[in-house]
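Listed here are the chains, written in short residue letters.
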Amino acid sequence: MKALSDVELLLPEWLIPIVPDGALPAHGMAIQDGRIVATGPHSVLREQFPAAQSIPLPGQVLLPGFVNVHTHAAMTLLRGLADDLPLMVWLQEHIWPAEGRFVAPEFVRAGTRLAIAEMLRGGTTCFNDMYFFPQDAAEVAQEMGMRLVLGHVIIDFPTTYTRNAEDALRLAALQITSLGNPALLRHSIAPHAPYTVSDGPLREAAALARESGSFLHMHVHETAGEVRDALARDDRRPLRRLHDLGLLNERFLAVHMTQLNEDDLAICKETALQIAHCPESNLKLGSGIAPIASLLAQGQGVGLGTDGAASNNDLDMLGELRMAALLAKGREGDPTALPATQALYMATLGGARALGWEEEIGSLEVGKAADCIAVSLDHPATSPVYDPVSQLVYCAGRDQVRNVWVAGEQKIRDGLALHWDAAELGREAQDWALRIARENR
């Protein structure tokens, strides 16, 4: 145990602990050994820890780091490759061919490094990934000190990573065992989608998730075409098929879910599955708008995700939570449909719960890991400040994220990265872009 002199006091203008909701003026927190050991008014913390190092954060609001519940991190290297296209055209004619030519361990490492740098700089401290060569993504995340849920992709057809679903399941089981569960790493089993994984592998994926203590992470009901094609195949909507297979429960994370009718909503409620809401990607691909207000009203767990940078085109959780709040209001015709506090909850503790990591992250409570961010509200875009939560959700940009900690280790200080060279990452990404553009003509 460290001495009291090693306690750090983070002393912001406001504290947003998420539990309870709202902003507390002149409150901060004490961290030691990567964990939160106390929260309270500045004066009380200074009295409680007189020898602690104080870190004043004037004009800043301290809150939990954002939890990005759905990404394809390495796809940062495909950012802007094929824009303004429908999902299946985008996938089948551009993304899958490019992945077939370029995706390999070195691609995944470079793309994941870039993604983590972008996410940390924007206040994301945990992400749930779904991509090929997951062991390489895991190694990069560990090197950079980023919290990660590693999705092991299951897909029927051949990729540069696996020959078929059986091969993918075998590799997933081996890697979960070999990588284990260090402090910043957990696992998910990630069947790509109902239209790319057949019944047998889906059952095996569910069994592997149970055996390994993981959860299932899958694109579901992303587009109207997906639902229409499923009905034509066997007269069942995808969600009904997954339910019939026994996959759906509170340990199933359904990504996108833009196309839901009353029967689908009833299945969601019955099974208590989790939702990954990716509003910006869904809008950009013209996929639809998830009925988040209806899902929340029936008690569904909802977290926010960016999806990959090839379809978003950024990994900006502040932008995502603002879009989620505005879309819900517009869809329902009700300005109270998704208040700022609820949108912020979805981006933090709601996301942590969707990933089964709520005991460690998502709120600033004593005993939890010190994953936190400080955002400057002392900025023309967020002045004056009446309500820090509203200013954060409706006004603040990710350039206002000034300080970031993961498990108590500072990653961003005064807006600057401490553990990587941003210019070098940019050069590496541009080298990949030149190669991909040349061969993709």
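Reading guide: rules and limits
- Residues numbered from 1 in each chain as written.
- Predicted model: local features only at pLDDT ≥ 70, side-chain atom pairs only at ≥ 80, totals over all residues.
- Heavy atoms only, no water.
- Helix = DSSP H or I, 4+ residues; strand = E, 2+ residues; numbered from the N terminus.
- Rg over C-alpha atoms; globule rule 2.2 N^0.38 Å.
- Buried < 20%, exposed > 50% of the residue type's maximum accessible area, 1.4 Å probe, protein only.
- Contact = heavy atoms within 4.5 Å.
- Areas by Shrake-Rupley, 256 points an atom, 1.4 Å probe, with all protein chains shown as cover.
- pLDDT = per-residue confidence, 0-100.
- Axes fitted to C-alpha atoms, helices over the stretch in contact; angles between N-to-C directions.
- Parallel < 35°, antiparallel > 145°, perpendicular 65-115°, else oblique.
- Left-handed = near helix turned anticlockwise from the far one by under 90°.
- Nonpolar A, V, L, I, M, F, W, Y, C, P; charged D, E, K, R; others polar.
- Disulfide = S-S within 2.5 Å.
- Phe/Tyr/Trp six-rings, centres within 6.5 Å; stacked < 30°, edge-to-face > 60°.
- Lys NZ or Arg CZ within 6 Å of the ring centre and 35° of its normal.
- Polar contact = N/O pair within 3.5 Å; in protein donor to acceptor, adjacent residues only side chain to side chain.

**Describing the overall build of the chain**
Helix and strand content of the chain: 16 helices and 17 strands. A compact globule built from 441 residues would reach a C-alpha radius of gyration of about 22 Å, and the chain, at 21 Å, matches this within 12%. A buried classification covers 59% of the 441 residues belonging to the chain. Considering only residue pairs separated by 6 or more positions, the chain has 71% of its internal contacts joining residues 24 or more positions apart. Accessible area for the chain stands at about 16,500 Å²; split by element, carbon and sulfur atoms hold 51% of it.

**Describing the confidence of the model for the chain**
Any residue range with low pLDDT should be treated as having predicted coordinates unsuitable for detailed reading. Per-residue confidence for the chain gives a mean pLDDT of 96; residues scoring 70 or more make up 98%. Between residues 1–5, whose pLDDT stays under 50, and residues either more than four places distant or in other chains, the model counts twelve contacts.

**Some remarks on the packing of helix α12 (residues 317–332) against helix α13 (residues 340–347)**
In helix packing, the relevant descriptors are the interaxial angle and the interaxial distance, both defined with respect to the helix axes. As a packed pair, α12 and α13 sit with axes 9 Å apart at the nearest point and diverge in direction by 135°. Classified by the angle their axes make, α12 and α13 are oblique. Crossing hand, α12 versus α13: right-handed. Listed contacts from α13 to Met-317, Leu-321 and Ala-325 of α12 are Ala-343, Leu-344 and Ala-347. Counted by class, the contact of α12 with α13 contains six nonpolar, no polar and no charged residues.

**Some points on the state of the cysteines**
This model, assessed by the stated rule, comprises zero disulfides. This cysteine, Cys-126, is not joined by any disulfide, and Cys-372 carries the nearest cysteine sulfur, 14 Å off.

**Regarding the packing of aromatic side chains**
Counted by the stated rule, this structure contains four aromatic pairs. On the basis of an interplanar angle of 50° and a centroid distance of 5.0 Å, the ring pair of Tyr-131 and Phe-132 is categorised as tilted. Of the two residues, Tyr-131 and Phe-132, both sit in the buried class. Above the plane of the ring of Trp-357 lies Arg-147, whose end atom (NZ or CZ) is 5.1 Å from the centre.

**Side note on the side chain of Asn-313**
Secondary-structure assignment places Asn-313 in the loop between β13 (301–304) and α12. One polar contact links Asn-313 to Lys-284, side chain to side chain, over a distance of 3.0 Å. If near-sequence neighbours (up to four positions away) are discounted, Asn-313 is found in contact with Arg-79, Gly-80, Asp-83 and Lys-284.

**Examining the side chain of Asn-68**
Mapping Asn-68 onto the fold places it in strand β6 (residues 66–71). In this structure Asn-68 comes out as buried when scored by relative accessible area, which is 0%. Here the side chain of Asn-68 touches Thr-306 through a polar contact of 2.9 Å, side chain to side chain. Residues contacting Asn-68, with those up to four places away along its chain left out, are Met-119, Thr-124, Cys-126, Phe-127, Asn-128, Leu-304, Gly-305, Thr-306 and Met-317.

**Describing unusual backbone geometry**
With an omega dihedral of -5°, the bond running from Val-19 to Pro-20 counts as a cis peptide bond. Here Pro-20 lies in the loop between β1 (8–15) and β2 (24–25). Here the amide bond leading from Ser-383 into Pro-384 is cis, since omega sits at -5°, within 30 degrees of zero. Relative to the helices and strands, Pro-384 is located in the loop between β14 (372–376) and α15 (388–394). Residue His-221 is not a glycine yet carries a positive backbone phi of 50°. Inspection of the secondary structure puts His-221 in the loop between β10 (215–220) and α7 (224–234). Look at His-221 and you get buried, because its relative accessible area is 0%. You will see that Asp-235, though not glycine, has its phi angle at about 65°, which is positive. You can see Asp-235 is positioned in the loop between α7 and α8 (238–244).

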